[in-house]
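# Remarks on the overall topology
The residues making up each chain are set out below.
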Amino acid sequence: METCYFDYNATAPLRPEAKVAWLSASEDLWLNPSSPYRAAARVHAHLVEARARVAGLFAVAAERVVFNSGATEANNAIFAHWAATLPADACIGVSPTEHTSVLAAAQHFFGERVTWLTLDGNGAVDVSALQNVLSERQLAAVSTMAANNETGILNDWNAIATVCRAQGVPYHCDASQWIGKLPLDRLQTCDFVTGAAHKFGGPKGVGLCLLPADNSGFMSLAGGSQEFGHRAGTEDVAGILSMVAALQAVERSTAQGRDEFLVKLGQVLPAVEVIGSAAQRLCNTALLIMPKFASVRWIRALEKRGFLVSAGSACSTGKHGPSTVLAAMGVEAAAMQRVLRVSSGWATSVADWLALAAAMAECGSELSAEADDSNSTVISI
Ligand code: PLP
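As the structure is a prediction and not an experimental result, all values here were calculated from the model.

At Arg-137, a position not held by glycine, the phi torsion is positive, near 60 degrees. Residue Arg-137 is classed as exposed on the basis of its relative accessible area of 62%. A positive phi angle is found at Phe-228, which is not glycine, with a value near 60 degrees. Structurally, the position occupied by Phe-228 is in the loop between strand E8 (207-210) and helix H7 (237-249). Owing to a relative accessible area of 43%, Phe-228 belongs among the partly exposed residues under this scheme.

Structure (structure tokens):
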């Protein structure tokens, strides 16, 4: 049985271009790019070229691009930097729908000094409310994601960057779910941008951070002078070249498959609710509240048919509480137990989406023949 993968927001399969780049660099460019001989200078030149390509895609100066291990590292580094450089009583504004790597880092470094930003009726950050808070000079920095990993809901990060800039407040945009799906070139209006290669078909453990143009004080890891002194450590050249190959291969995704899926799903399982359907959202993502049965039962039933889907961050076997994202959006606890997240990517076809809808209908019938246990523990993926 072939596997039909619908969890791209968790991670994407390696794109063929990224695999070729990784294999060839691993064989050919394994020397330390900082070594003094000419052969290493060649490796260093590839690194310089990779940075220039990324800078070109984001339309920023190469000096703003820092390669690292991914979004979790970069998000933590930004809060650590703010904690080290902002006044000791500074408050920062953070959206309550952020990924845990932002929520936890913000709380770790700022504790009670985190101000949770207000959401609008669609679950996106309310930009006018933010503007009001900023005009009262209550915030020293702001962090919001570009696109939500659970719901796909987009924040108007361009407007957020503009209001922050007007008040001279630094703005961090976690673009992990945006990069690879939507255009990159306006992200340069944000002071800090973070992303992870494995979300767009690059390798795991590699990522990037864009820094503000004036970034002299930023240091995420102390040690050698790699990455302009912003992040010490021998560069993963193969990983970086593979990430850049994936980024260059990205084509703009369309909503056709997801939307056809939702129409078909509405016909076969009419009681399914779609979270954020009125909001601007990623065209690869659908967050569903199933009418009955706990998420884990749908996940298992779909997996038996070859479909891999996720529960978002709904709940897990006691490790995490209910989804902070859905809680911030006012979704009821009982509904959170029945959440399914489906997300597509570069290898998904419209036919795959339609097959998923048909499989969900079959699973619905299969599960109906069993007892409903929608209050049982749900496993988060
Ligand atoms: N930010 C967002 C929005 C994400 O979706 C993820 C991954 O799930 C991360 C940050 C963390 O990425 P990584 O685990 O690659 O560091």
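What follows is about helix H4 (residues 100-110). For H4, every residue scored as buried is listed here: Ser-101, Val-102, Leu-103, Ala-105, Ala-106 and Phe-110. In the core, the buried residues of H4 are packed alongside helix H3 (71-85), strand E3 (92-94), strand E4 (114-116), strand E5 (141-145), strand E6 (171-174) and helix H10 (324-328). At the exit of H4 stands Gly-111, carrying a positive phi of roughly 50 degrees.

At their nearest, the axes of H3 and H4 sit 9 Å apart, and the two run at 25 degrees to each other. When the axes of H3 and H4 are compared, the pair comes out roughly parallel. Note on packing geometry: the crossing formed by H3 with H4 is right-handed. Contacts from Thr-72, Asn-75, Asn-76, Phe-79, Ala-80, Trp-82 and Ala-83 in H3 reach Ser-101, Val-102, Ala-105, Ala-106, Phe-109 and Phe-110 in H4. Of the residues contributing to the contact of H3 with H4, the split by class is 9 nonpolar, 4 polar and no charged.

Our focus in this paragraph is the domain arrangement of the protein. Segmentation of the protein into domains returns domain 1 (4-12 + 254-375) and domain 2 (16-251). Once you take the C-alpha centre of each, domain 1 and domain 2 turn out to be 29 Å apart. Listed as interface residues are 25 residues of domain 1 and, on the opposing side, 25 residues of domain 2. Across the interface of domain 1 and domain 2, roughly 2000 Å² is buried in total on both sides, 58% from carbon and sulfur atoms. Sorting the residues of domain 1 by area buried against domain 2 places Leu-282, Val-325 and Trp-346 first, and these three jointly supply 27% of that buried surface. Scanning the region where domain 1 abuts domain 2 turns up 0 salt bridges. The interface formed by domain 1 and domain 2 contains 12 residue pairs in polar contact (both at pLDDT 80 or more). Per-element tally for the side of domain 1 that touches domain 2: the top contributor is H10, with 4 residues.

Moving on: the side chain of Ser-323. Relative to the helices and strands, Ser-323 is located in the loop between strand E11 (307-308) and H10. Engagement of the side chain of Ser-323 in a polar contact is seen with the side chain of Glu-150, the distance being 2.7 Å. Here Val-325 takes part through its backbone nitrogen, which lies 3.2 Å from a polar atom of the side chain of Ser-323.

Let us now look at the sheet that holds strand E10 (residues 285-289). The 3 strands are arranged E9-E10-E12 in an open sheet whose pairing can be described as antiparallel. Looking at strand neighbours, the two that pair on one side only are strand E9 (273-275) and strand E12 (339-343), the edges of this open sheet. Across this sheet, the average inter-strand angle for adjacent strands is 30 degrees, counted without regard to direction. Sheet analysis places E9 next to E10, joined by 3 bridges and oriented antiparallel. Within E10, the position partnered with Glu-273 by the bridge is Ile-289.

The rules behind the values
Residues numbered from 1 in each chain as written. Predicted model: local features only at pLDDT ≥ 70, side-chain atom pairs only at ≥ 80, totals over all residues. Heavy atoms only, no water. Buried < 20%, exposed > 50% of the residue type's maximum accessible area, 1.4 Å probe, protein only. Helix = DSSP H or I, 4+ residues; strand = E, 2+ residues; numbered from the N terminus. Contact = heavy atoms within 4.5 Å. Axes fitted to C-alpha atoms, helices over the stretch in contact; angles between N-to-C directions. Parallel < 35°, antiparallel > 145°, perpendicular 65-115°, else oblique. Left-handed = near helix turned anticlockwise from the far one by under 90°. Nonpolar A, V, L, I, M, F, W, Y, C, P; charged D, E, K, R; others polar. Domains from an automatic or database assignment. Buried area = accessible area lost by both parts, 1.4 Å probe. Salt bridge = Lys/Arg side-chain N within 4 Å of Asp/Glu carboxyl O. Polar contact = N/O pair within 3.5 Å; in protein donor to acceptor, adjacent residues only side chain to side chain. Pairing = 2+ DSSP bridges.

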